[in-house]
Amino acid sequence: MTLDSQSVLRAKDVRKTFVIPGGELEVLRGLNFSIREGVSASIRGESGSGKSTLLHLFAGLEGVDQGEISWGPDSINHWSPRKRAAERAVRLGLVFQAYHLVGEMTALENVLLAARIAGTVSAETRERARHLLDRVGLGNREKQMPGKMSGGERQRVAVARAILNNPPILLADEPTGNLDEKTGETTMELLLELVREQGVALVLVTHSRRFAGACDEQWVLHDGILEASAEA
Amino acid sequence: MPWYFHAALKQIFPSGKLLSFFAFISVTGVTLGVMVLLVVQSVMNGFVFDIQSNLAKTNGDIQIVSRAPIVGWEDWLENLEARPEVKAAAPLAHGVVMLQARNRPMFPYVWGLDLESGPEVLPFEDFLQSGTMDDLDDRSIFVSGGVARELTLGVGTEVAVYTPLMLDRMKVDEVIRPITMRVAGIFETGWNEVDSRTVVVTLRTMQELYGLGESVHGVVMKLEDGVDTAEYAGVLNAGLSEEYHAQTWMDVNSDFLFVLRLEKTMMFFIMIFIVLVASFSIAISLMMAVIRKTREIGLLSAMGASRFGIGACFCLQGFLIGTVGTILGIIGALVALHFRNNIFHLFAHLTGRGQALTDAYGFSYLPAHYIISDFIIVALFSIFVSTLAGLIPAWRAARLQPAEALRNDA
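Residues numbered from 1 in each chain as written. Chains lettered and ligands numbered in written order. Predicted model: local features only at pLDDT ≥ 70, side-chain atom pairs only at ≥ 80, totals over all residues. Heavy atoms only, no water.

## Describing empty space enclosed by the protein
1) Next: In the structure shown here, the tally under the stated rule is two cavities of 30 Å³ or more.
2) Next: Considering only enclosed or pocket space, the largest cavity measures out at about 110 Å³ in volume.
3) Next: Contributing to the lining of the largest cavity are A:R88, A:A89, A:L92, A:G93, A:L94, A:A114, A:R161, A:A162, A:N165, B:A302 and B:M303.
4) Next: Contributions of two or more residues to the lining of the largest cavity are made by helix 2 (81–91), strand 6 (92–96) and helix 5 (151–163) of chain A.
5) Next: Ranked by residue count, the leading element in the lining of the largest cavity is strand 6 of chain A, at three residues.
6) Next: Looking at the lining of the largest cavity residue by residue, the classes come out as seven nonpolar, two polar and two charged.
7) Next: In this structure, the second largest cavity encloses a volume near 80 Å³.
8) Next: Contributions of two or more residues to the lining of the second largest cavity are made by helix 1 (3–12), helix 12 (294–302) and helix 13 (307–338) of chain B. (1 Å grid on protein atoms, 1.4 Å probe; cavity = no way out; pocket = protein on both sides within 12 Å on 5 of 7 lines; lining within 4 Å. Points joined across faces, edges and corners; volume = space filled by probe spheres on them. Helix = DSSP H or I, 4+ residues; strand = E, 2+ residues; numbered from the N terminus. Nonpolar A, V, L, I, M, F, W, Y, C, P; charged D, E, K, R; others polar.)

And the structure:
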């Protein structure tokens, strides 16, 4: 991990504290992180160690108490929520454990939702959405409703959605957490293949040592700071 | 199309479905509210329109009346008929008589009709169910349907007529003898007020019954189409001396017309609560959706949706539900109004109280009159209230912190 100007995502001396009954809980204590384009990094940690919080800070969904988060050359600390939302739509892709597909939309419409929010829907994006669905093995399921898809299929739709806008950064929070081992493995392989193909920087939060080991860089969130994994 | 409009459309009309369940419930509420409101308004308008039309037909457009009987009314008629605004004018004499047939008495209103000029102003020929205008002479009488039923009269039967003048004669110990008249026709105007207790005799007979001599109680006139009745009454009053007064059919029935207008307005305000209740169902449905979809809302935020967009998505759902419900409500109202008389007769048949309904409401059918402005007001109000109902859920959704929403366990 280097704090260089080539980073697509950078966290510098980040601190985050939550108020809890009976006091305060300091989750992040001067955390530093950076990742370059096309590189994949995994973050492991115990439950409650602050992995999801860190991902939310990276995504600008929450503000840091101290320190700085930058997307490329731009610090997002002082951006308004509206500016963050607008930039997030084109610069970030997100994959969650619970897929979070919109139940009333077909698979294709769910993928295209990313482009709709970014305001970039066109014939090309439609074509790209179809291509991505095809790439994740759901080319013949584009009109399928999420309710009629398996967990693995839903997560693959969510992956296609996350990379539709060609974002330089993809944040994945336990993407295989709700899947069985075999499906999780297939999905993970697909995710890693896709980020390499698309040249996307992947930050993967996972409990799985195996999936973490498949990433270029491996980190462990411990005691509020990131440490290089001993298994790297 | 902005994403929030597309998302709102999908929430209401999900892919592969006609309508989502929650939207169906909400749309049904709005549809029923709008439908009932429009049906009631249109039927009320129909009643008002028919009553006004009958009032104008049976009262003439303008009556000139005096406290004392008017002598020399022929000159008045000549003068009035020479005016371009006046289509026809006729003398007016009216009062109350007692009819007796088979020892059953009744006290109907009586109108004296000048056979020459009267029918042009008061088109009784249109109302005759049996008999013709030619059958009316100085010893015959037209009776309304209600009178005929009450006294079991038919064309050709005889009826005894007593007048208030006879009471004066009784005071000087004269023996009073009723005038026997033959029923020459039976009429129905469609307005119960007239049909229940009215008889018509010739003007000469009326003058004889009331001892008017050659005088009359007033002059009634029919105006040319397009002449403003109230305005022209004002013009006439400006030229009349104090003892005379020109009054429109609206002035004569002002209390009744006020009650009609009040009734329509009150009915609107009562019925409007149906739409308000429907809007609450929209608000509750959308609020439930916000709670149910908290994580989805968090996801939208995470994907870059602005707070405005998220709020607009829910607000638009209220608007769409209101719009669809209103359109369906208007269609439903038009269908119900088209078949209103079938429904009315079915109801009368099932309850066996058709005549009671006619007696109570004065109509043997259900009138309806479509006023475009009523439809526009109801439609705009319904869509506005529905959109408003979406505002609170929209505000709540927009306020959700994305990180908290994503952590939500719901």
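## Some remarks on the sheet that holds strand 8 (residues 201–205) of chain A
All names here are of chain A.
1) Next: Taken together, six strands build an open sheet; the order of strands is 6-7-8-3-9-10 and the sheet is mixed. At either margin of the open sheet sits one strand with a lone partner, and together these are strand 6 and strand 10 (225–228). The sheet shows a mean angle of 20° between the axes of neighbouring strands, taken without regard to direction.
2) Next: Relative to strand 10, strand 9 (residues 217–222) runs antiparallel, the two sharing four bridges. Within strand 10, the residue paired with V220 across the bridge is E227.
3) Next: Its contacts with the sheet put helix 2 on strand 6 and strand 7 (169–173), and the angle it makes with strand 6 is roughly 80°. (Pairing = 2+ DSSP bridges. Axes fitted to C-alpha atoms, helices over the stretch in contact; angles between N-to-C directions. Contact = heavy atoms within 4.5 Å.)

## Some points on the nonpolar core
1) Next: Of all hydrophobic cores here, the largest spans 119 residues; its most connected members are A:L9, A:F33, A:F58 and A:L171.
2) Next: Broken down by element, this core gets its largest block of residues, ten residues, from helix 11 (residues 254–292) of chain B.
3) Next: Contact partners of A:L9, with chain neighbours within four places excluded, come to A:F33, A:S34, A:I35, A:F58, A:I69, A:S70, A:W71, A:G72, A:I169, A:L171 and A:V203.
4) Next: Residues B:I70, B:V97, B:L99 and B:L236 belong to the second largest nonpolar core, which totals 45 residues. (Core = buried A, V, L, I, M, F, W, Y, C linked by side-chain atoms within 4.5 Å. Buried < 20%, exposed > 50% of the residue type's maximum accessible area, 1.4 Å probe, protein only.)

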